[in-house]
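Notes for the structure review
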Amino acid sequence: MAVSPPLRPVSAPQASGRVIDLGGQAMHVFQFGTPIDLAYTYFLDVPAVFRLLPDTLDVKPYSKDDYRLVIGATDGYGHSMSAVFDLHTDCDANRAIRIAPATNSPSINLSGLVFRGDLWAEAVFKPTQHGTAVEYMVEIALCIPVPGVLRLVPQSFLQNLGEHAMKFKMTQMINGFANDIDADFHRWVAQG
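Here the structure is a predicted model, which means the values were calculated and not measured. (Residues numbered from 1 in each chain as written. Predicted model: local features only at pLDDT ≥ 70, side-chain atom pairs only at ≥ 80, totals over all residues. Heavy atoms only, no water.)

To continue, consider the side chain of D66. Inspection of the secondary structure assignment puts D66 in strand β4 (residues 66–74). In this structure, D66 is buried with no salt-bridge partner, the nearest side chain bearing the opposite charge being K64 at 9.3 Å. Engagement of the side chain of D66 in a polar contact is seen with the side chain of H88, the distance being 2.7 Å. A polar side-chain atom of D66 sits 3.0 Å from a polar atom in the side chain of N104. Not counting chain neighbours up to four residues away, the residues in contact with D66 comprise K60, P61, L87, H88, A102 and N104. (Helix = DSSP H or I, 4+ residues; strand = E, 2+ residues; numbered from the N terminus. Buried < 20%, exposed > 50% of the residue type's maximum accessible area, 1.4 Å probe, protein only. Lys, Arg positive; Asp, Glu negative; His and termini not counted. Salt bridge = Lys/Arg side-chain N within 4 Å of Asp/Glu carboxyl O. Polar contact = N/O pair within 3.5 Å; in protein donor to acceptor, adjacent residues only side chain to side chain. Contact = heavy atoms within 4.5 Å.)

Below is the structure:
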């Protein structure tokens, strides 16, 4: 597992005011002792896979190949927030599943501090001597509005704090995701 800064630009802010631009990228290689088609079928269930991300509040389809993922968090100062990622999937049977920001996003009907984020992911399936390797990469970019009283804090301090928090959160999320995928995949295969 590796975590690094994002490669893609962060989305433009949706509302006026101060924002913190954050992002990160992580990669993990899963090793499964099963044929590629079985691993591919498991990862095709996008809602089930993304529900394994830590702090996922909801994930559901809203049109063919399009999903809304809602991740919850706090800013460390008691403010709850939700990041909404609208996702489009593109599949290459038994080779790759690619996820990118959707272009047909419905309106958001959530309360509290809610903001959109961009998420790209790719699962590449490769045969190995003992089964299948799945190279999984995820990258996120967020433009977070600065809430209430935090607007009094200098922007550079908030940006630095946000970047450190994002690195910690990405590491926590990918580690939790990797552990949960491994356990859930084996459970799924056993239920077969």
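Having seen the structure, we can now continue with the description.
An α-helical turn contains 3.6 residues, so any two residues separated by three or four positions project in the same direction. All of the buried residues along helix α1 (residues 36–44) are I36, A39, Y40, Y42 and F43. The buried residues of α1 all sit within an arc of 160° when viewed along its axis, so they share a single face. (Arc of directions from axis to C-beta.)

Below, the discussion takes up the pattern of salt bridges. Proximity of charged atoms lets side chains of opposite charge pair with each other. Tallied over the entire structure, the rule returns 7 salt bridges. Residues D86 and R116 are paired through a salt bridge, measuring 2.5 Å at the closest nitrogen-oxygen approach. Of the two residues, D86 sits in strand β5 (residues 80–92) while R116 sits in strand β7 (residues 113–128), which places them 30 residues apart along the sequence. A residue is classified by how much of its surface remains accessible, and R116, at 23% relative accessible area, is partly exposed. For R98, the salt bridge goes to E122, with nearest N and O atoms at 2.9 Å.

A separate point is the environment of G24. Take G24: it is sitting in strand β2 (residues 19–32). Measuring from C-alpha to C-alpha, the distance between G24 and E139 comes to 5.7 Å, with 115 residues separating the pair along the chain.

The next thing to look at is the packing of α1 against helix α3 (residues 155–191). Here α1 crosses α3 at 110°, and the two axes come no closer than 11 Å. In this view, α1 runs roughly perpendicular relative to α3, as classed from their interaxial angle. The handedness of the crossing between α1 and α3 is right-handed. Every residue of α3 that contacts α1 at L38, A39, T41, Y42 and F43 is listed here: I181, D184, F185, W188 and V189. For the contact of α1 with α3, the residue count by class is 8 nonpolar, 1 polar and 1 charged. (Axes fitted to C-alpha atoms, helices over the stretch in contact; angles between N-to-C directions. Parallel < 35°, antiparallel > 145°, perpendicular 65-115°, else oblique. Left-handed = near helix turned anticlockwise from the far one by under 90°. Nonpolar A, V, L, I, M, F, W, Y, C, P; charged D, E, K, R; others polar.)

Let us now look at the pairing of β5. Bridge count for β5 against β7 is 5 bridges, and the pairing is parallel. When the sheet's bridge partners are listed, M81 is paired in β7 with L113. Relative to strand β6 (residues 96–101), β5 runs antiparallel, the two sharing 6 bridges. Paired with C91 across the two strands is I97, which belongs to β6. Hairpin connection, β5 to β6: the antiparallel pair is bridged by 3 residues, and N94 has positive phi, about 60°. (Pairing = 2+ DSSP bridges.)

As a further point, take empty space enclosed by the protein. The full count for this structure, using the stated rule, is 1 cavity of 30 Å³ or more. Lining the largest cavity are F43, V46, V49, F50, I97, I99, A121, E122, A123 and Y136. Broken down by secondary-structure element, the contributors of at least two residues to the lining of the largest cavity are α2 (46–50), β6 and β7. Classifying every residue of the lining of the largest cavity by side-chain character gives 9 nonpolar, no polar and 1 charged. (1 Å grid on protein atoms, 1.4 Å probe; cavity = no way out; pocket = protein on both sides within 12 Å on 5 of 7 lines; lining within 4 Å. Points joined across faces, edges and corners; volume = space filled by probe spheres on them.)

Here we come to the packing of aromatic side chains. A complete count under the given rule lists 13 aromatic pairs for this structure. Judged by centre distance (5.4 Å) and plane angle (75°), the rings of Y40 and F125 are edge-to-face. Residue Y40 is located in helix α1, and its partner F125 is located in strand β7; the two are separated by 85 residues in the primary sequence. Geometrically, the ring pair formed by F185 and W188 is tilted, given 5.9 Å between the ring centres and 35° between the ring planes. Here F185 and its partner W188 are both found in helix α3, 3 residues apart, which amounts to about one turn of the helix. (Phe/Tyr/Trp six-rings, centres within 6.5 Å; stacked < 30°, edge-to-face > 60°.)

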